[in-house]
Amino acid sequence: MKETVVSGIRPTGQLHLGNYFGAVTNFVKMQYDYNCYFFIADLHSLTTHPTPQDLHGYVRHVLVEYLACGIDPEQSTIYIQSDVPEVAELYLYLNMNAYMGELERSTSFKDKVRSQPDNVNAGLLTYPTLMAADILIHKAVKVPVGKDQEQHLEMTRTFGNRFNRLYHADYFPEAFAFSYAQQLVKVPGLDGKGKMSKSGGDSNCIYLADSPEAIRKKMSRAVTDGGPTVENQAKPEAIQNLFDLMKIVSSADTLAHFDGLYNQMAIRYGDFKKQLAEDMILFNSPIRERIEELSKDTDYLRKVARHGAEKARESARKTISDVRSLIGFKAF
Ligand code: TYM
């Protein structure tokens, strides 16, 4: 039997290269060898209070982009999280055995407390339990994600094992983060510090749907420095980030060429960033064209979402029925 895989993306706008290289590229490859569930985490996105119009628009974006990247709804189950209410039910049960201390210690929670001090809601605190419910609902063992999600996977294993112990059942398997790359991926952003992320603003991200003009403009503004002052100098973070991006989208020859120029102090950042922009455009163009096509086809999107919801609910109902009986909910 094929192993089960689950992963999701929060709909907060368009997908960027971080989402693609951290997660979606693995989804596409895994779908042929595993029993895959790929969903759109719209319940998770409620922590930031999107308007109903934004929420629906963002869910649509992610659905279109999943398909445009090559996730095949006949191979994988693609669904919208809120179409599967069993996930919310499992979240409730898991919350009964998730402790304040461990939730408060989660890095993502601490980041949010810092970045949005006016909206530290209970959904943010229990974000890892909802994520565990997403994974455990299908009893998945592999979860393709970027490096930033590693701690959430560890918490998922804790919650699943704790449930098993509490109810004396060997029910939930342990799930591990997965990537075809040797290590989990962290794609840098364009602002010279840290990962590509929407919270860094649109100028920090290259979106899959960005036009060539938008990519050229963003790349021309990407943060650099005054240039190397001695031969073979270690690269500061902003420069290393751009080289890391080049490693992802450009050929090995191109990377070696600019690396050589840097080491000889002969690099011109303008040329370097232009080359990077053109390679990003080459990578993005076919995906962008499919995004444009698919976004016109509402009937098809509706069909995919309905079909996915049915398949996901079938698997989720089975888990919830087992879980209810393990907990001791019994009919009179
Ligand atoms: P989210 O929506 O922030 O990101 C979606 C996926 O993209 C990856 N990612 C990156 N990878 C590498 N470099 C980057 N700069 C980068 N930015 C984003 C993330 O690691 C993730 O794989 N909590 C999740 C969504 C989620 C989920 C789940 C994932 C909810 N339930 C169950 C797996 C299983 C999140 O917020 O990802």
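Residues numbered from 1 in each chain as written. Predicted model: local features only at pLDDT ≥ 70, side-chain atom pairs only at ≥ 80, totals over all residues. Heavy atoms only, no water.

Enquirer: Explain helix 13 (residues 269–294) to me, please; I cannot follow it from the model alone.
Expert: Each turn of an α-helix holds 3.6 residues, which means side chains three or four residues apart point in the same direction. For helix 13, which comprises 26 residues, the first-to-last C-alpha distance of 37 Å matches the rise-based estimate of 38 Å (1.5 Å per residue) to within 8%. Residue Asn-284 marks the point of greatest curvature in helix 13, where the axis turns by about 40°; the proline Pro-286 follows within four residues. (Helix = DSSP H or I, 4+ residues; strand = E, 2+ residues; numbered from the N terminus. Expected span 1.5 Å × (residues − 1). Bend = angle between axes of the 7 residues up to and from the residue.)

Enquirer: What am I meant to see in the site of the ligand here?
Expert: The local shell around the ligand holds 26 residues, among which Arg-10, Tyr-127, Asp-134, Asp-148 and Val-187 are the closest. Contact distances for the ligand include 2.8 Å between an oxygen atom and a backbone N or O atom of Gly-146. Here a nitrogen atom of the ligand and a side-chain polar atom of Gln-149 are 3.1 Å apart. Expressed as a share of its isolated accessible area of 710 Å², the protein-covered part of the ligand is 96%. Counting only elements with at least two residues in the shell around the ligand, the list comes to strand 1 (4–9), helix 1 (17–30) and helix 8 (127–136). Residue composition of the shell around the ligand, grouped by class: 12 nonpolar, 9 polar and 5 charged. (Near = heavy atom within 4 Å. Polar contact = N/O pair within 3.5 Å; in protein donor to acceptor, adjacent residues only side chain to side chain. Areas by Shrake-Rupley, 256 points an atom, 1.4 Å probe, with all protein chains shown as cover. Nonpolar A, V, L, I, M, F, W, Y, C, P; charged D, E, K, R; others polar.)

Enquirer: Got a minute to help me understand the packing of aromatic side chains in this structure?
Expert: Aromatic ring pairs are described here by two measures, namely the spacing of the ring centres and the angle between the planes. Counted by the stated rule, this structure contains 16 aromatic pairs. Between Phe-39 and Tyr-79 the ring centres are 5.5 Å apart and the planes differ by 25°, which places this aromatic pair in the stacked class. Note that Phe-39 is positioned in strand 2 (residues 35–40) and Tyr-79 in strand 3 (residues 77–80), a separation of 40 residues in sequence. Like Tyr-79, Phe-39 is buried. Centre to centre, the rings of Tyr-93 and Phe-329 are 5.8 Å apart; their planes meet at 45°, and the pair counts as tilted. Of this pair, Tyr-93 sits in helix 4 (residues 85–95) while Phe-329 is found in the segment after helix 14 (298–327), placing the two residues 236 residues apart along the sequence. Overall, the relative accessible area of 10% leaves Tyr-93 in the buried class. Exposure remark for Phe-329: the relative accessible area of 43% places this residue in the partly exposed category. Taken together, the ring pairs connect Phe-243, Phe-258, Tyr-262, Tyr-269 and Phe-272 into an aromatic cluster. The ring of Tyr-171 carries the charged tip of Lys-139 above its face, separated from the ring centre by 3.8 Å. (Phe/Tyr/Trp six-rings, centres within 6.5 Å; stacked < 30°, edge-to-face > 60°. Buried < 20%, exposed > 50% of the residue type's maximum accessible area, 1.4 Å probe, protein only. Lys NZ or Arg CZ within 6 Å of the ring centre and 35° of its normal.)

Enquirer: Hey, could you run me through the nonpolar core in this one?
Expert: Across soluble globular proteins, nonpolar side chains show a tendency to be buried alongside one another. Counting residues in each nonpolar core, the largest one holds 60 residues, and the members touching the most others are Val-24, Tyr-66, Met-219 and Met-280. Lining this core are residues from two domains, each supplying at least three of them: domain 1 (4–185 + 298–327) and domain 2 (198–292). Dropping the residues within four chain positions of it, Met-219 is found in contact with Leu-190, Ile-206, Leu-242, Lys-273, Leu-276, Ala-277 and Met-280. (Core = buried A, V, L, I, M, F, W, Y, C linked by side-chain atoms within 4.5 Å. Domains from an automatic or database assignment. Contact = heavy atoms within 4.5 Å.)

Enquirer: Mind showing me how you'd approach the domain arrangement of the chain here?
Expert: Accessible area lost upon the coming together of the parts serves often as the stated size of an interface. Domain parsing of the chain yields domain 1 (4–185 + 298–327) and domain 2 (198–292). Using C-alpha coordinates to define each centre, domain 1 is positioned 31 Å away from domain 2. Counting residues at the interface gives 14 residues for domain 1, matched by 14 residues for domain 2. Buried area between domain 1 and domain 2, summed over both chains or domains, comes out near 1300 Å², and the portion from carbon and sulfur atoms is 71%. Scanning the region where domain 1 abuts domain 2 turns up 0 salt bridges. The interface formed by domain 1 and domain 2 includes 5 residue pairs in polar contact (both at pLDDT 80 or more). At the level of elements, helix 1 and helix 3 (52–69) are the ones that each hand at least two residues to the side of domain 1 that touches domain 2. (Buried area = accessible area lost by both parts, 1.4 Å probe. Salt bridge = Lys/Arg side-chain N within 4 Å of Asp/Glu carboxyl O.)

Enquirer: Would you mind showing me how to read the packing of helix 8 against helix 9 (residues 150–166) here?
Expert: Two quantities define a packed helix pair, namely the angle between the helix axes and the distance between the axes. The contact between helix 8 and helix 9 brings their axes to 9 Å, and the two run at 70°. The angle between helix 8 and helix 9 places the two elements in the roughly perpendicular class. Judged by residue contacts, Tyr-127, Pro-128, Thr-129, Met-131, Ala-132, Ile-135 and Leu-136 of helix 8 engage His-152, Leu-153, Met-155, Thr-156, Phe-159 and Gly-160 from helix 9. For the contact of helix 8 with helix 9, a count of residues per class yields 9 nonpolar, 4 polar and no charged. (Axes fitted to C-alpha atoms, helices over the stretch in contact; angles between N-to-C directions. Parallel < 35°, antiparallel > 145°, perpendicular 65-115°, else oblique.)

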